[in-house]
Amino acid sequence: MTAVDAPPPTAPPPTPAPSTAGPGVQLRTSTRDDLPAIARLGGRAFHWMLSAEDVEHYGRELFDPGNYVLAQEGTELVGATGGYDFAVRMPGGAALPAKGVTWVSVAATHRRRGILRSLMREQHRRMIADGLALSLLTASEAGIYGRFGYGPATVRHAVRVTRPGTTFRADVPDPSGVRYAETDEMRALAPPLHARWHATTPGALDRSAGWWATLLADKPDKRGGDSALYHLVHADGYVSYRIAEADGGRVCRVVDLVAVSRDAYIALWRVLLGLDLLSAVTAEVAPDDALPHLLTDPRRVRTEGRYDGVWARVLDVPAALSARTYGTELDVVLEVDDPFLGRGGRFRLRGGPDGAVCEPASAPPHVRLGVAALGSLLFGGFRASSLARAALVGAADPKVLRRIDTAFTAEREPEYGTDF
Ligand SMILES: CC(C)(COP(=O)(O)OP(=O)(O)OC[C@H]1O[C@@H](n2cnc3c(N)ncnc32)[C@H](O)[C@@H]1OP(=O)(O)O)[C@@H](O)C(=O)NCCC(=O)NCCS
């Protein structure tokens, strides 16, 4: 491989110093008593207001005060960033602890004076001090997080399957084995099926009991005018959906579909597309979803939108890159740029299908990239050669990019599964 021109190697990155938020604004860790004020701040920022009952539910099921950094001016809460603890599945099967950044909000009266920047710096400093290699988030606006080292890491397609008249290929099996389940039953049935899906899906987040309690609460005011949840279960999967009044008729909206075997996938879709009196079924799927291939007319599955899914922020390059396997043998020196946290440097990655070693290096790099681009590559959701065409990855030798494309591609397209 040909090396690109390179400056001398950098020293191992230090943990950043604690942050401040500018004159009059203090940063501190949340306590449980802060939750009502955090909920008010978030409600104003995102334009929804949580009821007292919602706040109580959140406090019981999902709120971990130690994961929240607050910005306070006098007695007023003016900014917050929160976090969830996840185990994210890496290509090859390892589970890596990761923080899921959430509830990012700054009061509209205090915007564009650096409060978010200082909150992000402090929250990430704490993650690094805790030894985390990876942070994740889902972005309300895609223009915010690149500067903090996050890159989109998974992609989801919003698809609409028109019906009636949608038919499966004659040779597609009809595995059956699907039955309806009530929401109460799903509290026991769904978590083990989801855990099996999490074990085999790169990018997948685990779901704690608090997440299940939240997702299956199915409160009428959280349905956006759609029906209560319906559930179909199979020995190897399940689907939860709602019925919506739309297009002058009715549409099935898939909320959550998990299938860990081909039979479960086909059986669940057969029932969904067999639902009478509906004009369409909508779902969010991975870009390589198999449904079009099952149908006599693949155009019945129309992609109506393409969205970024989870965003990844590498905090410890060697730990993150050695936590996954690679589709082919790879030995490459990467120069990673990380202006926000200074966690970049030069690293040699030697990996393959059985595992990987990544360590600081001094040899000239083959590839240069920002830490956000590294996040985009991490689960195999994007190709290095595509990022190179966008000037996000640089390599003197195109063969290196091809090799990285092949090596970083995961066993299947990554999906994260839980919006947070
Ligand atoms: C997004 C939000 C948290 C920004 O807070 P803030 O304190 O005004 O942000 P800062 O002043 O610290 O800005 C930090 C950087 O982000 C940029 N930025 C802030 N909001 C942005 C936006 N909506 N789109 C693009 N860039 C943005 C700033 O220009 C600044 O850039 P720079 O430091 O590279 O020059 C705040 O506007 C908010 O609460 N919005 C509503 C809720 C929301 O969308 N939260 C994000 C959820 S994922």
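Here, every reference points to the structure presented above.
Residues numbered from 1 in each chain as written. Predicted model: local features only at pLDDT ≥ 70, side-chain atom pairs only at ≥ 80, totals over all residues. Heavy atoms only, no water.

Right, let's get into the pattern of salt bridges. All chains considered together, the criterion is met by 34 salt bridges. Asp-419 is the salt-bridge partner of Arg-156, the closest N and O atoms lying 3.4 Å from each other. Note that Arg-156 is positioned in strand S7 (residues 155–162) and Asp-419 in the segment after helix H11 (398–408), a separation of 263 residues in sequence. Its relative accessible area of 48% is what places Asp-419 among the partly exposed residues. (Salt bridge = Lys/Arg side-chain N within 4 Å of Asp/Glu carboxyl O. Helix = DSSP H or I, 4+ residues; strand = E, 2+ residues; numbered from the N terminus. Buried < 20%, exposed > 50% of the residue type's maximum accessible area, 1.4 Å probe, protein only.)

What follows concerns the pairing of strand S9 (residues 230–234). The element S9 is extensively covered by neighbouring structure, given that four of its five residues are classed as buried. Alignment of S9 against strand S10 (residues 237–246), held across five bridges, turns out to be antiparallel. Within the sheet, the bridge partner assigned to Leu-232 lies in S10 and is Val-239. Between S9 and S10, which pair antiparallel one after the other, the connecting turn spans two residues. (Pairing = 2+ DSSP bridges.)

Turning to the site of the ligand, a few remarks are in order. Surveying the vicinity of the ligand reveals 19 residues, the closest of which are Val-104, Arg-112, Gly-114, Arg-117 and Arg-147. One nitrogen or oxygen atom from the side chain of Ser-140 is found 3.0 Å from an oxygen atom belonging to the ligand. Burial of the ligand by the surrounding chains reaches 78%, relative to a free accessible area of 900 Å². Of all the secondary structure elements, the ones that give two or more residues to the shell around the ligand are helix H1 (35–46), strand S4 (95–106) and helix H3 (115–129). Broken down by class, the residue content of the shell around the ligand amounts to eight nonpolar, five polar and six charged. (Near = heavy atom within 4 Å. Polar contact = N/O pair within 3.5 Å; in protein donor to acceptor, adjacent residues only side chain to side chain. Areas by Shrake-Rupley, 256 points an atom, 1.4 Å probe, with all protein chains shown as cover. Nonpolar A, V, L, I, M, F, W, Y, C, P; charged D, E, K, R; others polar.)

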